[in-house]
Every structure is written in C-alpha cells, then in structure tokens.
Amino acid sequence: MLRGDDMPQTWRILTALVAGVAGGALWVAMKGTGLHGAISTGELIGGLWLDLLRMTIIPLVVALLITGISRTADSMRGDRLALKSVLFFLGLLWLSTAIAAVVVPALLMIWPMPGQAADALRAGLIQSHEPVGAIPGVADFLRSIVPTNPIAAAANDALLPLILFTTVFAIAVTRLPVERRLPITEFFASIADAMLVIVGWVLWLAPAGILALGFVVGARAGTSASGALLHYMIIVSSAGLFAWALAYPVATVMGRISLFGFVRAVAPAQAVALSTQSSLASLPSMLKSSQDLGVPEGVADVSLPIAVAIFRVTSPAMNLAVAIYVAHWFGIALGPATIAAGAAVAAVTTIGSVSLPGQVSFLTSITPVAVVMGVPIEPLALLVAVEMIPDLVRTVGNVTMDVAATTAIARTEKLSERDQPDVELPDAIPAEEGPPLRPASVAASNDA
C-alpha cells in the first residue's frame, strides 16, 4: 500500500506515463520525422530500466519471504490469542485468494478487454519474454515444484520451486534456538534492506523508464491505451472489492455485530485509510472502531497490530488478478493448475510485503505470481503507474477486514471463556476454620 511519503513519486510516475503515451500518439498523429529512431530509443531506455528492476526480484523475494515467515512465527509464539489471530488471518488470506481465482476469470469472460486495444497494447510493449510452452500434466507439475537445486532454480527464474524451498527453509529456521535463529534472520533482513536501497535507486529512475515505455505504447497503440488501462483498473479493483465485501459477513455472522452498527463504527477508520492510503496510519482509528463495537481492549490490542503487520486480505486477491489480467491481455490460456499455483504464490509472498513502498510492494508481490504462471512481466512497468486507484481499494478493504476479523476473534474469545468450567466457591467453611464466607456479589448487595 502506498504511504504518504510515496505519493510524490506516484504522481511523478503517473505523469510520466500520461506524458509518454500522449507524446507517442501525438508524434504519430502529426506524422513527425524520426519516429522509428524515437521508438528504438524508447525501447532501449525502457528495456534497460526493466532489466534493472528484474535484477532485484530474486534476492528481494527470498529475503522478504524468510523475514516475513520469521515475523509471523514470532507473532505465533505469543499467547493463545496471538496464535488464534495469526491462524484466522491466514485463513482469510487464502479464502480471498481462492475467491479471486474464480471471480476474475469469470469477469473477464463476461467483460473482456476490447480486442483492438489488446492487440495495440501487445504491439506497443517490449516483448522479450519466452513463449509459454505446453501446460504440463499434474504429475509433471508436482515434480517440477520440488527443486533438486535451489541455486539453479533461482538462476533460471523458476520461482515456484524457489519459493517452496525458501518457505521450507524459513520454517526450519523458526525451529532453531533463538541464539542460532537471530543471526540468520538478521542476515536476510540486511540483504532485504540493501536490496530495497537498490530498488529505491531504480524507482528514482522510474519516471524516465516509464516515460520511454509510455512513448512506445502511445506511438504503437495510440489513444486505445487509455481505455485499456481503465478496463484494467476496474477488473483488478473488483477483485479487491470482493475481498473487501467479505468483511461484512465476517463481522455480522462470525462477530455477531449488526450490519448497520459495523458500517457506522468502521467508517472513521475507512476515512483515514482513504486519506492516508496506509493501514499503519489507520491503526488508532481501527482501535477506536473496535472499541465502539464492544471488542475488549485486550483483544484489539493484540489482534489489530498483528493484522497491520502481516495481514492484507486484498493483496493476494488483487495480485493474482493482475497476473490473470495480463494473461488475458496477451491471449495466454490459464488452466486450473496454473491459476492454483499463482494463487498459492500470491498468498505466500504477501507475508513478505510488509511496510514496503507501494511501487516496491506491487512489483515484488506480483512478479513471482506472473513468472510462476508464465505471464510476461513487461506490462507491470506500465500498470504500476496506474496503481493509485486500485491501491485505494486495497487499503480500505484491508482496514475494513482488520476490524471485522477482530470482532470475530473477540467473539471466539467470549465463547472460549464461556466453555471454561466454573469454579464454585463454598458458601461456608467449617466453623473451626472461621466465619461463613459469602460470594463478593452477595456481600456487595447486602452492603447496599
């Protein structure tokens, strides 16, 4: 999600995209000379910027996944309430991803991307990806996800086997004694920090790279690019809206909160989320919303910080939606096994996307999904420039679900307390041991 200090960069990237597309379309419309040379220059600059971005993906994804799983395990090492919160949040993450895996292809079947716009945009993008081969059978697919050589998997951009190995390795690290675990997690945290510095340098160059890519797209696709990008924003935002809508039955059915009461209580937190585009900045408002809904302070003070730290219910759904949309854009048929693999990667990699700038989170979370599904990543360079609108859906949906999930967890805590056996206090103790003992409630009423 975008944070306040990301907004100027977001506007620069969006401005570069608009200027590039408009400049390319205008050059063609005015029949300017040197168009071929300008397109070649744009492809060179845009391609170099994409390569700079690609070189950070593998080490950053591995480092973030290890540190993210470690952070999740640390949260689960707390009390029973923390463990319950983490498991509940993870369940909702997988549920929202599964919904997107069904809903997004259905939406694209009902309302496909305009064919002319798709053809024009495909022609306008730098297409250096390898063609997608035949879809493997189930047995071959299952064999392919276990890496015999994790280093070779990383070198060949085989991200699904690499992510499987990294996940198993990270879980194994969490089982080590603390004095052995900390050096490993700190090592990978340092790698992640260093890679984020490099990504920051690459993103500083993003306006130039996106301006060049936008010019190529504008020169080849013309004004159809704008309509296609609007279609993209609506489809991807719809995946987030479904995840967002899931919050209301969670609150009303599982949390036993009235729909009107939940809508009214969560509205201030949603307003903060809209204005800041940050779940972290919305945390105080979420705590107040939970208090207004009658959530015990002890539950909210544990569950909501964990939710902000590791739980982003809309992210895997919308990340998967982006990859599915690009596949639709390029005419790539996706089978159930391919979508399932993308969904699994989307849910797992979300754990490592905490507290990253919006552009970094977009690229590091979606690139593994796209690569696993055999989808080209070149369009991501353009799509990150229009992430501002879908990001609003991401943030507000996450904040809404955070509060809804907290009400559900509070409800289960009440049920757990109710199931505890009651301890009966004796009305009296033997006379030789002292005077009769009355329950505190009775004593209080008599004193009144």
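Our subject is the structure listed above.
The rules we used
Residues numbered from 1 in each chain as written. Predicted model: local features only at pLDDT ≥ 70, side-chain atom pairs only at ≥ 80, totals over all residues. Heavy atoms only, no water. Helix = DSSP H or I, 4+ residues; strand = E, 2+ residues; numbered from the N terminus. Buried < 20%, exposed > 50% of the residue type's maximum accessible area, 1.4 Å probe, protein only. Contact = heavy atoms within 4.5 Å. Expected span 1.5 Å × (residues − 1). Salt bridge = Lys/Arg side-chain N within 4 Å of Asp/Glu carboxyl O.

Regarding the overall build of the chain
So, step 1. Counting secondary structure elements, the chain contains 20 helices and 0 strands.
So, step 2. In the chain, which comprises 448 residues, the proportion classed as buried is 51%.
So, step 3. Put simply, 84% of the contacts in the chain that link residues at least 6 apart link residues at least 24 apart.

Details of helix α9 (residues 206–221)
So, step 1. For α9, spanning 16 residues, the distance from its first C-alpha to its last is 21 Å, which sits close to the expected 22 Å at 1.5 Å a residue.
So, step 2. Along α9, 13 of the 16 residues are buried, which leaves the element largely enclosed by surrounding structure.
So, step 3. With its phi angle positive at about 70 degrees, Gly-222 sits one or two positions after the end of α9.

Quick look at the pattern of salt bridges
So, step 1. With the rule as written, the count across this model stands at 4 salt bridges.
So, step 2. A salt bridge links Arg-54 to Asp-51; the nearest nitrogen and oxygen atoms lie 2.8 Å apart. Separated by 3 residues within a single helix, Arg-54 and Asp-51 lie in helix α2 (residues 35–76), roughly one turn from each other.
So, step 3. You can call Arg-54 partly exposed: its relative accessible area is 27%.
So, step 4. Among the residues examined, Asp-51 registers a relative accessible area of 44% and is labelled partly exposed.

Concerning the environment of Ser-40
So, step 1. Of note, Ser-40 is situated in helix α2.
So, step 2. As for Ser-40 and Val-216, which are separated by 176 residues in sequence, their C-alpha atoms are 8.4 Å apart.

Quick word on helix α12 (residues 259–276)
So, step 1. Here α12 is 18 residues long and its end C-alpha atoms lie 25 Å apart, about the 26 Å a rise of 1.5 Å per residue gives.
So, step 2. Those residues of α12 that fall on the buried side of the exposure criterion are Gly-261, Phe-262, Ala-265, Val-266, Ala-269, Gln-270 and Ala-273.
So, step 3. Residue Gln-277 follows α12 closely and has a positive phi angle near 55 degrees.

Notes on the environment of Ser-361
So, step 1. Within the secondary structure, Ser-361 is located in helix α17 (residues 358–372).
So, step 2. The class for Ser-361 is buried, based on a relative accessible area of 11%.
So, step 3. For the pair Ser-361 and Thr-350, spaced 11 residues apart in sequence, the C-alpha to C-alpha distance is 8.9 Å.

A few points about the environment of Ile-99
So, step 1. By the secondary structure assignment, Ile-99 is in helix α3 (residues 80–110).
So, step 2. Judged by its relative accessible area of 26%, Ile-99 is partly exposed.
So, step 3. Residues Ile-99 and Ala-243, 144 residues apart in the sequence, show an inter-C-alpha distance of 7.9 Å.
So, step 4. Apart from the residues lying within four places of it in its own chain, the contact partners of Ile-99 are Phe-242 and Leu-246.

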